[in-house]
Amino acid sequence: MTEKTSVDERPTLVLTGASRGIGHATVKRFSAAGWRVITCSRHAFSDKCPWPMGPEDHIQVDLSDPENLGYAVQEMRKRLEANGSKLHALVNNAGISPKGDKGARLDSMDTPMHIWRHVFQVNFFAPIMLGRGLFNELKKAGGSIVNVTSIAGSRVHPFAGTAYATSKAALASLTREMAADFGPHGIRVNAIAPGEIDTSILSPGTEKMIEDFPLRRLGRPDEVADTIHYLCSPQSSYVTGAEIHINGGQHV
Ligand SMILES: NC(=O)c1ccc[n+]([C@@H]2O[C@H](COP(=O)([O-])OP(=O)(O)OC[C@H]3O[C@@H](n4cnc5c(N)ncnc54)[C@H](OP(=O)(O)O)[C@@H]3O)[C@@H](O)[C@H]2O)c1
């Protein structure tokens, strides 16, 4: 008698930075739409997580450590075997925005080089390593990559530091390059650039900024998650190399 192996038919997402903010809202959005979501963050799986997925769909990884990330990619590929080694979406959402003393903005004169390298490893090199490491699985599913950039990548921001801003500008350029390289293999690559979204990454004083925004309010994580979901769905099947700005008109 041959043993019957069952394949999980749900579309699958690998999502970094799933534990809070935009990532947390993204898990909820995709889960509600019937996706399997493999979450990644530095923390271990918590029983307090409000959705049904267990530790088998969580990978504890420190994206600032290339060696640890290499192991995590191997682990992701192993976990995807349950889905016939198909990956339908990779969302590079995790990001860090270090501040100086008392929350001061770190500018291009004062940012210590070790902080600059740390920021680039998490915000920029990790998405490259994940995109390349999961290429075969994405190709098999005709999948989609979404890189989370930022409004700070295109203009000087009052609170976001220079290392953060330049890492996000580089990630926007990487999106364009990857769209060109991955497109012939049937993989779409897009970015979303959030403005001021109500999460823990915001600095005090942001409330004052929104008085001048056309929509006069902060964005909500679920509004960002909806756009990420659109970019991973067949509704956006001819969209690649794009960066969608989600900022309430902040730059008009
Ligand atoms: N909120 C905004 O207004 C805004 C605006 C523009 C762009 N963005 C971008 O949107 C993305 C999400 O932002 P957010 O506001 O939701 O951030 P957040 O609330 O600070 O969450 C950041 C996430 O990244 C994870 N993370 C941080 N360092 C990590 C590391 N070394 N390895 C693995 N995971 C790590 C954190 O998980 P652990 O702590 O568990 O590791 C957490 O889940 C970021 O890329 C950010 O730059 C946000």
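As a reminder, the structure under discussion sits directly above these lines.
One structure accompanies this document, and this report is about it. (Residues numbered from 1 in each chain as written. Predicted model: local features only at pLDDT ≥ 70, side-chain atom pairs only at ≥ 80, totals over all residues. Heavy atoms only, no water.)

This part takes up the sheet that holds strand 2 (residues 36–41). Pairing is parallel in the open sheet, where seven strands are placed in the order 3-2-1-4-5-6-7. Two strands close off the open sheet at either side, each with one partner strand: strand 3 (58–60) and strand 7 (243–246). Taking each pair of neighbouring strands and ignoring which way they run, the sheet shows an average axis angle of 15°. Docked against the sheet, helix 1 (residues 21–32) engages strand 1 (12–16), strand 2 and strand 6 (188–194), running at close to 170° with respect to strand 1. Sheet contacts for helix 2 (residues 66–79): strand 1, strand 2 and strand 3; angle to strand 3, the most-contacted strand, approximately 165°. (Pairing = 2+ DSSP bridges. Helix = DSSP H or I, 4+ residues; strand = E, 2+ residues; numbered from the N terminus. Axes fitted to C-alpha atoms, helices over the stretch in contact; angles between N-to-C directions. Contact = heavy atoms within 4.5 Å.)

Quick look at the packing of aromatic side chains now. Applying the stated criterion across every chain, the model contains four aromatic pairs. Members of the aromatic cluster, joined through ring pairs, are Phe120, Phe124 and Phe125. (Phe/Tyr/Trp six-rings, centres within 6.5 Å; stacked < 30°, edge-to-face > 60°.)

Time to look at the layout of surface pockets. In this structure, the largest pocket spans a volume of roughly 950 Å³. For the lining of the largest pocket, the secondary structure elements donating two or more residues are helix 1, strand 2, helix 3 (113–133) and helix 5 (162–182). Per element, the largest residue contribution to the lining of the largest pocket is three residues, and it comes from helix 1. In terms of residue class, the lining of the largest pocket is made up of 17 nonpolar, 19 polar and six charged. (1 Å grid on protein atoms, 1.4 Å probe; cavity = no way out; pocket = protein on both sides within 12 Å on 5 of 7 lines; lining within 4 Å. Points joined across faces, edges and corners; volume = space filled by probe spheres on them. Nonpolar A, V, L, I, M, F, W, Y, C, P; charged D, E, K, R; others polar.)

Counted residue by residue, strand 5 (residues 144–148) has five buried out of five residues, so it is predominantly covered. Neither face of strand 5 is exposed, since Ser144, Val146 and Val148 on one face and Ile145 and Asn147 on the opposite face are all buried. Where strand 4 (residues 89–92) and strand 5 come together, four bridges link them in parallel fashion. Bridge assignment links valine 91 to a residue of strand 5, and that residue is valine 146. Where strand 5 meets strand 6, five bridges bridge the pair, whose relative direction is parallel. Residue pairing for strand 6: valine 146 is matched across the bridge by asparagine 190. Handedness of the β-α-β unit built from strand 5, helix 5 and strand 6 comes out right-handed. (Buried < 20%, exposed > 50% of the residue type's maximum accessible area, 1.4 Å probe, protein only. Right-handed = clockwise from strand over helix to strand, strands pointing away.)

A word on the site of the ligand. In the vicinity of the ligand there are 31 residues, among which Arg42, His43, Asn93, Tyr164 and Thr199 approach most closely. Serine 41 places a polar side-chain atom, nitrogen or oxygen, 3.1 Å from an oxygen atom of the ligand. In this structure, an oxygen atom belonging to the ligand sits 2.5 Å away from a side-chain N or O atom of histidine 43. Surface burial for the ligand is 97%, taken as the share of its 880 Å² of free accessible area covered by protein chains. Elements with a minimum of two residues in the shell around the ligand: helix 1 and helix 5. Taken together, the residues that form the shell around the ligand break down as 13 nonpolar, 13 polar and five charged. (Near = heavy atom within 4 Å. Polar contact = N/O pair within 3.5 Å; in protein donor to acceptor, adjacent residues only side chain to side chain. Areas by Shrake-Rupley, 256 points an atom, 1.4 Å probe, with all protein chains shown as cover.)

The next point concerns unusual backbone geometry. Located in the positive-phi region is serine 85, a residue other than glycine, with phi close to 55°. Its location among the elements puts serine 85 in the loop between helix 2 and strand 4. Not every positive phi belongs to a glycine, and arginine 216 is a case in point at roughly 55°. Note on placement: arginine 216 falls in the loop between helix 6 (206–209) and helix 7 (221–231). You can call arginine 216 exposed: its relative accessible area is 54%.

Let's shift gears to the pattern of salt bridges. The full count for this structure, using the stated rule, is 11 salt bridges. Between arginine 176 and glutamate 177 there is a salt bridge, with the nearest N and O atoms lying 3.4 Å from each other. Judged by relative accessible area, arginine 176 falls into the partly exposed class, the value being 48%. It is possible to trace a salt-bridge network through shared partners that takes in Arg217, Arg220, Asp222 and Glu223. (Salt bridge = Lys/Arg side-chain N within 4 Å of Asp/Glu carboxyl O.)

Nothing here speaks to function; it is geometry throughout.
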